[in-house]
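The primary structure of each chain is shown beneath.
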Amino acid sequence: MRKYFLILFTILLFAVTGFVPTPQQNSSEETIAERVDSVLALMTLEEKIGQLNQLSFGIGWGPTVKVSVPDEYKQQIREGKIGSFLNAIGAEFTYELQKVAVQESRLKIPLIFGLDVIHGFKTTFPVPLGEAATWQPEIVEMSAHYQAIESASAGIHWTFSPMVDIARDPRWGRIMEGAGEDPYLGSLMAAAHVRGYQGDLSDLNIIACVKHYAGYGGAEGGRDYNTVDMSERTFRDIYLPPYKAGVEAGAHTLMASFNELGGIPASGSKYLLNDILREEWGFKGFVVSDWNSIGEMINHGYASDLKHAGEISLNAGLDMDMESRSYITHLKQLVEEDKVDEDVIDESVRRILRIKFMLGLFDDPFRYCQKEREEKNIMTSDIKIASLEVAKRSFVLLKNDKNILPLKKDYKKIAVIGPLANNSIDPIGGWGGLGDSADVTTVLEGFKNYVDKKTQVLYSEGCKIDDPSTKGFKDAVNIAKKSDVIILCVGESRDMSGEACSRSSLDLPGVQEDLAKELLKTGKPIIVVLMNGRPMSINWLNDNANAILETWFAGTMTGDAIAKVLFGDYNPSGKLPVTFPRTVGQVPIYYNHKNTGRPGDLKNHYTSKYLDLPLTPLYPFGFGLSYTTFEYNDFKLSTNKITNEDSIIVSVKVKNTGNYDGEEVVQLYVQDLVGSVTRPVKELKGFKKIMLKRGEEKTMDFTIHEKDLRFTAADMKFKSEPGLFKVFVGTNSVDLKESQFELVE
Ligand code: BGC
């Protein structure tokens, strides 16, 4: 706990930490195993199956919520037919449920309560895509930790997070829930979340659930739940690493995904659930299905009925059934028919009981449901400060023409315009937990809180997010005319990204761009504040607005964070974790693509390109401006040849050449020039976020080892191959300095 205060303290001092997390305590594995076996020995087959069954309650929390457990559930708990609930929230409510389990059921096995704490419980933090844009794993870890404190105080033991699905298609609404397109950045973010949620479980943290295993982000056409089909090499090198990183960071659970992968639904895939996860990676925790993902194998055409689906999933290694009720209904009979071995059930029960022991629930089943702690720990000032700090660091400055930002403090009138300007619902973002709009500061409020009496803040909605009416334009134009500057808040609504929220267009919805065009005619400078859960094709804004700040959905502290950044109290330091296409027709477009036999060349007809588009995206991966400027010099390699045993130190001097103190994310990329299989044009292999005072220069060192150069080669072995490599260092994935080295045998 103390370490997170320290992080917060350190970032408030405006420094970048050299923070190394302490390893998680994992005290008495053997004792736990013995205790698990002693419980298992007492269990009937029915009770064992009950442990594998997870059911849901509707969301509802707070002192006003009536605490009553429906009789139907009470009876099932008493009979040992439920091992876990999701969406049961609140110290009192979970207490009531737990009481039935540990006082009225035969074996008194405690329940485990899960919830989607994706970017906050009651205090919301930026959506995960925004958190990834900080490029600061230690900040993301801190964020996860604060989310754990809040939710654990309200009875929650387990979050269905982090979502670590790599997404190369921004049409996919769930891109908002993950860390974007890159396996390296995604792996660091996955591990940071896991460490932050779980910490030391004796400290009342929550267990993480790495999801959705696996490949869910590869849905064809970016349409949610759609088929996923890719080569095993792409799967292993691009999509799999963040799940592995989550497991290596100690995640106690994983969630099997909805999708099929190469013809086998993930929820029935022995290859994923056993061969890779348990055999290759040595995962010891348990796997929960996604919501009815076992039952959905019938629609996939992989199971004939719910019973068959249960047989497939359990035998594949899927331990807990979320809401399909296949296990609870059919497993007993499947055992009697010798289609499922009771030993396999025992193994799943062991895995689940182990986690219940690790959470301390057998020793004190009520440790997470203390009303006093709930009252004390929800929406504390510490959590709000943490949320504000993460929000400021998640913003990405996409344009700043003639250094119009930071805003001058002597403006007399500022027009805050747009459907997201005084909006307290959408900034919460999708999967907002119990985030309440009453707690959110809007941009308008943030500005009013910030400015002094000499500045007047005017407001007009202008239009709705997704509505054809232009009736509000007139009022917006009127106040714009009276003002010195326009803060135009546009983007998506919170329900345009997230689950089942794929879009076929990446343009601003409704008439928001038309509103911007009308405002441009006033001749007043336009600062765009963008709120959205995915990359957007904002070409017109890029060409015409004076500045653009990408703020994602920043959560509870949205308005304060935006005002502080626009006025320069915090110099933007975020970088894009995902490529922004010029148009949806460019999708998929991602930085670590292959070169092809005919690399795109606009002057050469028979090359890989579109006739009607530049080769480049609107904003590349890793892009993000600052109010200051940075210069890269003296790019050097310690050697130009390495063997498998040694390493290269790549160094570069980075100087703050502008007028403000600021942070820069120094990025390192590598290209393997010739391989036994074709290799990406570049791959992120390292980055460091540094703080540089005005005029300050620092030398940044990166070390490249042979192991950083490994990939799934032609023989399907994960290894490096001797040969030439390019190495790049710079401020984003395009503006890079370049050198070369050789790996020799
Ligand atoms: C989602 C999961 C989520 C689960 C429980 C599913 O529909 O795909 O991400 O954890 O519901 O709410």
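Residues numbered from 1 in each chain as written. Predicted model: local features only at pLDDT ≥ 70, side-chain atom pairs only at ≥ 80, totals over all residues. Heavy atoms only, no water.

Notes on the overall build of the protein
Within the protein, the secondary structure is distributed over 21 helices and 26 strands. For the protein, whose C-alpha radius of gyration is 26 Å, the value lies close to the compact-globule estimate of 27 Å for 745 residues. For the protein, the C-alpha atoms occupy an extent of roughly 75 × 65 × 45 Å along the three principal directions. For the protein, with 745 residues in total, the buried portion stands at 61%. (Helix = DSSP H or I, 4+ residues; strand = E, 2+ residues; numbered from the N terminus. Rg over C-alpha atoms; globule rule 2.2 N^0.38 Å. Buried < 20%, exposed > 50% of the residue type's maximum accessible area, 1.4 Å probe, protein only.)

Observations regarding the site of the ligand
Lining the immediate surroundings of the ligand are 13 residues, of which Asp-116, Arg-174, His-212, Asp-290 and Glu-499 lie closest. In this structure, an oxygen atom belonging to the ligand sits 2.7 Å away from a side-chain N or O atom of His-212. With the chains in place, 93% of the 310 Å² that the ligand exposes on its own is no longer accessible. The residue makeup of the shell around the ligand, split by class, is seven nonpolar, one polar and five charged. (Near = heavy atom within 4 Å. Polar contact = N/O pair within 3.5 Å; in protein donor to acceptor, adjacent residues only side chain to side chain. Areas by Shrake-Rupley, 256 points an atom, 1.4 Å probe, with all protein chains shown as cover. Nonpolar A, V, L, I, M, F, W, Y, C, P; charged D, E, K, R; others polar.)

Considerations on the pairing of strand 3 (residues 112-115)
Because side chains alternate across strand 3, one face comprises the buried residues Ile-112 and Gly-114, and the other comprises Phe-113 and Leu-115, equally buried. Note that strand 2 (residues 84-86) and strand 3 share three bridges and pair parallel. Looking at the pairing, Phe-85 lines up with Phe-113 of strand 3. Crossover handedness for the path strand 2 to helix 5 (residues 91-104) to strand 3: right-handed. (Pairing = 2+ DSSP bridges. Right-handed = clockwise from strand over helix to strand, strands pointing away.)

Some thoughts on the domain arrangement of the protein
Put simply, an interface is often sized by how much accessible area is lost when its parts join up. According to the domain assignment, the protein consists of domain 1 (386-586) and domain 2 (630-743). Using C-alpha coordinates to define each centre, domain 1 is positioned 34 Å away from domain 2. Taken together, the contacts link six residues of domain 1 with nine residues of domain 2. In this structure, Glu-664 and Lys-575 form a salt bridge, with 3.1 Å as the shortest nitrogen-oxygen distance. Taken together, the links from domain 1 to domain 2 amount to five residue pairs in polar contact (both at pLDDT 80 or more). (Domains from an automatic or database assignment. Contact = heavy atoms within 4.5 Å. Salt bridge = Lys/Arg side-chain N within 4 Å of Asp/Glu carboxyl O.)

A short note on the pattern of salt bridges
As enumerated under the stated definition, the model contains 45 salt bridges in all. The shortest N-O distance in the salt bridge between Lys-81 and Glu-79 comes to 2.8 Å. Residue class for Lys-81 comes out partly exposed when judged on its relative accessible area of 34%. Glu-738 serves as the salt-bridge partner of Lys-726, at 3.3 Å between the closest nitrogen and oxygen. Of this pair, Lys-726 sits in strand 25 (residues 723-730) while Glu-738 sits in strand 26 (residues 736-743); the two residues are twelve residues apart in sequence, bridging distant segments of the chain. Its relative accessible area of 47% is what places Glu-738 among the partly exposed residues. One salt-bridge network, in which partners are shared between bridges, spans Asp-37, Glu-347 and Arg-350.

Considerations on the packing of aromatic side chains
Across all of its chains, the model carries 26 aromatic pairs by this definition. Relative to Phe-113, the ring of Phe-85 lies with its centre 6.5 Å away and its plane at 15°, an arrangement referred to as stacked. Of the two residues, Phe-85 sits in strand 2 while Phe-113 sits in strand 3, which places them 28 residues apart along the sequence. The residues Phe-85 and Phe-113 share a single accessibility class, namely buried. Judged by centre distance (5.6 Å) and plane angle (10°), the rings of Tyr-619 and Phe-623 are stacked. The exposure classification of Tyr-619 matches that of Phe-623, with both residues buried. Here the aromatic cluster, defined as three or more aromatic residues joined through ring pairs, consists of Trp-135, Tyr-184, Tyr-591, Phe-621, Tyr-669 and Phe-687. Positioned above the aromatic ring of Tyr-590, the side-chain terminus of Arg-168 is 3.6 Å from the ring centre. (Phe/Tyr/Trp six-rings, centres within 6.5 Å; stacked < 30°, edge-to-face > 60°. Lys NZ or Arg CZ within 6 Å of the ring centre and 35° of its normal.)

Points about the packing of helix 2 (residues 29-40) against helix 14 (residues 342-358)
Between helix 2 and helix 14, the shortest axis-to-axis distance is 9 Å and the interhelical angle comes to 125°. Here helix 14 runs oblique to helix 2, going by the angle between their axes. For the crossing formed where helix 2 meets helix 14, the hand is right-handed. On helix 14, the residues touching Glu-29, Ile-32, Arg-35, Val-36, Asp-37, Val-39 and Leu-40 of helix 2 are Asp-346, Val-349, Arg-350, Leu-353, Arg-354, Phe-357 and Met-358. In terms of residue class, the contact of helix 2 with helix 14 is built from eight nonpolar, no polar and six charged. (Axes fitted to C-alpha atoms, helices over the stretch in contact; angles between N-to-C directions. Parallel < 35°, antiparallel > 145°, perpendicular 65-115°, else oblique. Left-handed = near helix turned anticlockwise from the far one by under 90°.)

Some words on the sheet that holds strand 25
Across the sheet, which stays open at both edges, the five strands sit in the order 18-26-25-20-21 with mixed pairing between neighbours. The two strands at the open ends of the sheet, each matched to only one other strand, are strand 18 (641-642) and strand 21 (683-692). Relative to strand 26, strand 25 runs antiparallel, the two sharing eight bridges. Pairing of Val-729 across the sheet is with Lys-737, part of strand 26.

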